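A look at the structure
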Amino acid sequence: MFKNLFRGKKEKKIEKDEALIVENEIIEENINTGKNIEENTENIETNLEQKEQEIQETKEKSSFFSKLKNGLSKTRQGITERIDTLFKSHVKIDEDLLEELEEILITSDIGMDTTLKIIDSLRDKIKSKNITEVSEVKTVLKEVLVEYLTTTKDNSLDITPPSIILVIGVNGVGKTTSIGKLSYNLKNSGKKVLLAAGDTFRAAAIDQLNIWGDRVGINVISHQEGSDPAATVFDAIQASKARKIDVLICDTAGRLHNKKNLMNELSKIFKIIEREYPEANKEVLLVLDATTGQNAVSQAKTFKEVADITGIILTKLDGTAKGGVILSITSELDIPVKFIGVGEGKEDLQPFEPERFIEALLSED
């Protein structure tokens, strides 16, 4: 009897243990299910965020491309429309076609030397690719133009903190305005920016930079008109260090009538930077006005003699049919264009991308 009672208790205990095991398994399964649901929910949310980001980036790229295309409207009228008309009027690829194309490029301020190189490269590519249809020439032309817009140097801006950007260029090219727009872009990308009003020979330049500083919410280090530009840069460097600034952008005087004075002034500023800010990444950006055509190339050559230019800002592309000058600059000087101005707004200074530029320039409406 006791054995049966003990056996019954033992069986009940086993049943209870088994029930507990089953219950724990169910609880663990529910916990895992909950975790899986939570993980799946997180994955779905992550995927949605990624999709939204991709959609936003696509919209921004589309907006960027449309703005670039609109900004190049006058240059497009001078080049693209004439090229399209030319290709439609010819039924075969011959020297007459290439000569007429050469004339279009030269009169679009691309320049004689650069145009001849482009036509020679185009002729070689047509032959090597065995192109026989006129309709295919435009695609090959795009490839050639992108090659001539691509230099041996990187066209992206090095702004690894701390960085200092020295902006040079003659008066009237849009130098101070470009600094304002560039500082706006950098601030929007999360950088702490400081401006230095180093064009002390023109009171309007100091006032203009201060106006831009107020407009985009960035402090400006400035001295009185006629003071030493190098002293302004010195003070700006000390302020940058004290405030842990990511990017210091310095305006400079733009005088070309006396190259010796310009050289001495820039040399003094460079020495101050080397002595006081050796750890900073350095960029020297030359601002050129696209509306001046081949004169912009002459300016670039002169400044290249007195400064180690790391990049070009080409302004006012939206107001000229002479946008072809950009090809002369990159081809003849091997200086990368880093930014282009395609409008008056503070967001209209855009990073330069050769492929996107040529596609916007030569794409059909």
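So, here is what we can say about the structure in this document.

Calculation criteria
Residues numbered from 1 in each chain as written. Predicted model: local features only at pLDDT ≥ 70, side-chain atom pairs only at ≥ 80, totals over all residues. Heavy atoms only, no water. Buried < 20%, exposed > 50% of the residue type's maximum accessible area, 1.4 Å probe, protein only. Helix = DSSP H or I, 4+ residues; strand = E, 2+ residues; numbered from the N terminus. Pairing = 2+ DSSP bridges. Contact = heavy atoms within 4.5 Å. Salt bridge = Lys/Arg side-chain N within 4 Å of Asp/Glu carboxyl O. Axes fitted to C-alpha atoms, helices over the stretch in contact; angles between N-to-C directions. Parallel < 35°, antiparallel > 145°, perpendicular 65-115°, else oblique. Left-handed = near helix turned anticlockwise from the far one by under 90°. Nonpolar A, V, L, I, M, F, W, Y, C, P; charged D, E, K, R; others polar. Patch = residues over 30% accessible without salt bridge, like charges linked within 9 Å, V, L, I, M, F, W, Y side chains within 5 Å. Areas by Shrake-Rupley, 256 points an atom, 1.4 Å probe, with all protein chains shown as cover. Lys, Arg positive; Asp, Glu negative; His and termini not counted. Charge placed at Lys NZ, Arg CZ, Asp CG, Glu CD.

**Re the pairing of strand β1 (residues 163-168)**
The buried count for β1 comes to six of six residues, which makes it a mostly enclosed element. Because side chains alternate across β1, one face comprises the buried residues Ser163, Ile165 and Val167, and the other comprises Ile164, Leu166 and Ile168, equally buried. Two strands pair when backbone bridges link them, and β1 and strand β4 (residues 247-251) are joined in this way by five bridges, in the parallel orientation. From the neighbouring strand, Ile165 faces β4, where its bridge partner is Ile249.

**Some remarks on the environment of Val342**
Structurally, Val342 is set in the loop between β7 (337-341) and β8 (349-351). Looking at Val342, the relative accessible area reads 6%, which means it is buried. For the pair Val342 and Leu314, spaced 28 residues apart in the sequence, the C-alpha separation amounts to 9.2 Å. Excluding residues that lie within four positions of it along the chain, Val342 makes contacts with Lys67, Leu68, Gly71, Leu317, Asp318, Asp348 and Gln350.

**Quick word on the pattern of salt bridges**
Here the idea is simple: oppositely charged side chains can pair when their charged atoms come close. Overall, the coordinates contain 14 salt bridges when judged by the stated rule. For the salt bridge of Lys175 with Asp251, the shortest nitrogen-to-oxygen distance reads 2.8 Å. With a gap of 76 residues between them, Lys175 in helix α7 (residues 175-188) and Asp251 in strand β4 connect regions that are remote in the sequence. Judged by relative accessible area, Asp251 falls into the buried class, the value being 1%. The partner of Arg275 in a salt bridge is Glu276, with the nearest N and O atoms 2.8 Å apart.

**Digging into the packing of helix α11 (residues 294-306) against helix α12 (residues 325-333)**
Contact geometry for α11 and α12: axes closest at 9 Å, N-to-C directions at 30 degrees. Taken together, the axis directions place α11 and α12 in an arrangement best described as roughly parallel. Judged by the sense of rotation from one axis to the other, the crossing of α11 with α12 is right-handed. Within the contact between the two elements, α11 uses Gln294, Ala296, Val297, Ala300, Lys301 and Lys304 and α12 uses Val325, Ser328, Ile329, Glu332 and Leu333. Counted by class, the contact of α11 with α12 contains six nonpolar, two polar and three charged residues.

**A closer look at the environment of Thr151**
Positionally, Thr151 belongs in the loop between α6 (137-149) and β1. Each C-alpha atom of the pair Thr151 and Ile335 lies 6.6 Å from the other, and the pair is 184 residues apart in sequence.

**Details of the environment of Val220**
Mapped onto the elements of the fold, Val220 is located in strand β3 (residues 220-221). Judged by its relative accessible area of 18%, Val220 is buried. Through-space distance from the C-alpha of Val220 to that of Ile249 is 9.6 Å; in sequence the pair is 29 residues apart.

**Observations regarding a negative patch on the surface**
Negative charge collects at one region of the surface, where Asp96, Glu99, Glu100 and Glu103 lie side by side. With respect to the helices and strands, Glu100 occurs in helix α4 (residues 95-110).

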